[in-house]
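Spelled out from the first residue to the last, the chains are:
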Amino acid sequence: MPDLSTSLHTDMLASFEKARAARSLPRRLYRAIRNELSEKGVYGTAWGDPETMEPLMFVRDRWVLPYVRADQTAVEIGPGGGRWTRYLLGFERLYAIDFYPELLAELKRSFTRANVTFVQNSGSDFPGVPAGAVDFVFSFGCFVHLDNSIIERYLANLGEILRPQANVVIQYSDVNKVMARELLPHFAETTPEQMRSMVQAAGFTVVEEDLTTLWHSSLIRFRP
Ligand SMILES: C[S@@+](CC[C@H](N)C(=O)[O-])C[C@H]1O[C@@H](n2cnc3c(N)ncnc32)[C@H](O)[C@@H]1O
């Protein structure tokens, strides 16, 4: 507990003032013009940008970047416009797997690197991904919309593509949280208890979970 000599409260006020200065009209105009003139924009950042939104920055730094290896292979399920794909480009090979060709076309607009393979699947499979070749699987913003029956199909298909030491990190809808349960009608009905038992029933070992960082969803990491 801070004592009376703490600078905690004046520091908090100072950072509020700094943020207020950053929101001043000239600065907002500068940023708007810079955004217009800069990159094409990534579809999905309107839901939160992992470059600027703190819980997503945490997800990026804690659940994604530590696993990126230049000599390994990764799969991203449901990459959308590439909000998270950006952080997976450091893998030797990245399979970006999506059910919708329109979304893969959008991803291709922004990501032209030779180490990215774009794969259209049938909703729960990994066509063209070599057996036993994948070190890391990441999915964000996709499983939150999948029924448990589809999640189970994905889990059943995952085993074949993973290396023995692989890590799988999946964000899923958590209806133990009021936001997923009542405010987001497109979110699935999954709970952490269900996710855990589906993962275990598919033969994987749960390594860790994050039930607190996100307001509408949770993360699970598991291994073969
Ligand atoms: C809401 S977007 C999220 C995109 C991105 N991961 C992000 O966080 O910005 C959901 C993505 O999952 C894809 N998707 C939906 N159902 C899928 C499925 N069964 N298998 C693979 N991709 C799926 C959609 O086409 C879309 O690209």
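Model, not experiment: these values are computed from the prediction.

Brief notes about the overall build of the protein chain
Summing up its helical and strand segments, the protein chain has seven helices and seven strands in all. If you list the helices and strands of the protein chain from N to C, you get α-α-α-β-β-α-β-β-α-β-α-α-β-β. Dimensions of the protein chain, computed from the C-alpha atoms along their principal axes, are close to 55 × 45 × 35 Å. Counting all 224 residues of the protein chain, 34% fall into the buried class. Long-range pairs, those at least 24 residues apart, make up 59% of the contacts in the protein chain between residues at least 6 apart in sequence.

Some words on the nonpolar core
It is characteristic of soluble globular proteins that their nonpolar side chains tend to be buried jointly. The biggest cluster of nonpolar side chains holds 51 residues, and the ones touching the most others in it are Ala74, Val75, Val137 and Phe138. Those elements that provide at least two residues to this core are α3 (54-64), β1 (73-77), β2 (93-98), β4 (134-139), α5 (148-161), β5 (162-173), α7 (192-201) and β7 (217-223). Looking at this core element by element, the count peaks at six residues for β5.

Regarding the pairing of β1
In terms of burial, β1 is a largely internal element, five of the five residues being buried. By the alternation rule, side chains of β1 split into Thr73, Val75 and Ile77 and Ala74 and Glu76, which are all buried. As paired elements, β1 and β2 share five bridges and run parallel to each other. Across the sheet, Ile77 pairs through a bridge with Ile97, a residue of β2. Looking at chain direction, β1 and β4 are connected through three bridges and run parallel. Following the sheet pairing, Glu76 is matched in β4 by Phe138.

Some remarks on the site of the ligand
Taken together, the neighbourhood of the ligand is formed by 19 residues, with Gly44, Gly78, Gly80, Arg83 and Gly141 sitting nearest. Residues belonging to the shell around the ligand are distributed by class as follows: eleven nonpolar, six polar and two charged.

Quick notes on the sheet that holds β4
As summarised here, the arrangement of the seven strands in space is β3-β2-β1-β4-β5-β7-β6, forming an open sheet in which the pairing is mixed. Looking at which strands have only one partner, the edges of the open sheet turn out to be β3 (116-120) and β6 (205-210). Between one strand and the next, the sheet's axes are offset by a mean angle of 15°, whatever the strand orientation. On top of the sheet, α5 reaches β1, β4 and β5; it is set at about 155° to β5, its chief contact.

Here's the deal with the domain arrangement of the protein chain
Entries for the protein chain in the domain assignment read domain 1 (8-37) and domain 2 (45-223). On a C-alpha basis, the centroid separation for the pair domain 1 and domain 2 is 33 Å.

Observations concerning the packing of α5 against α7
Two elements in contact, α5 and α7, have axes whose closest approach is 10 Å; the angle formed by their N-to-C orientations is 30°. Comparing their axes, α7 and α5 come out roughly parallel. Where α5 crosses over α7, the handedness of that crossing is right-handed. Of the residues in α7, those touching α5 at Asn148, Ile151, Glu152 and Leu155 are Gln194, Met198 and Val199. For the contact of α5 with α7, the per-class residue count stands at four nonpolar, two polar and one charged.

Focus on helix α1 (residues 8-22)
With 15 residues, α1 extends 21 Å between its outermost C-alpha atoms, agreeing within 8% with the 21 Å of an ideal straight helix rising 1.5 Å per residue. Little of α1 sits out of view: just zero of its 15 residues are buried.

Thoughts on α7
For α7, the full list of buried residues reads Met195, Met198 and Val199. Taken around the axis of α7, the buried residues stretch over an arc of 100°, which confines them to a single face. Turned more than 90 degrees away from the buried face of α7, the exposed residues are Glu193, Ser197 and Ala201. Contacts made by the buried residues of α7 are with α5, β5, β6 and β7. Just beyond α7, the residue with positive phi is Gly203, at close to 95°.

Cut-offs used in this document
Residues numbered from 1 in each chain as written. Predicted model: local features only at pLDDT ≥ 70, side-chain atom pairs only at ≥ 80, totals over all residues. Helix = DSSP H or I, 4+ residues; strand = E, 2+ residues; numbered from the N terminus. Buried ≥ 20, exposed ≤ 12 C-beta atoms within 10 Å, placed from the backbone. Contact = placed C-beta atoms within 7 Å. Core = buried A, V, L, I, M, F, W, Y, C linked by C-beta atoms within 7 Å. Pairing = 2+ DSSP bridges. Near = placed C-beta within 6 Å. Nonpolar A, V, L, I, M, F, W, Y, C, P; charged D, E, K, R; others polar. Axes fitted to C-alpha atoms, helices over the stretch in contact; angles between N-to-C directions. Domains from an automatic or database assignment. Parallel < 35°, antiparallel > 145°, perpendicular 65-115°, else oblique. Left-handed = near helix turned anticlockwise from the far one by under 90°. Expected span 1.5 Å × (residues − 1). Arc of directions from axis to C-beta.

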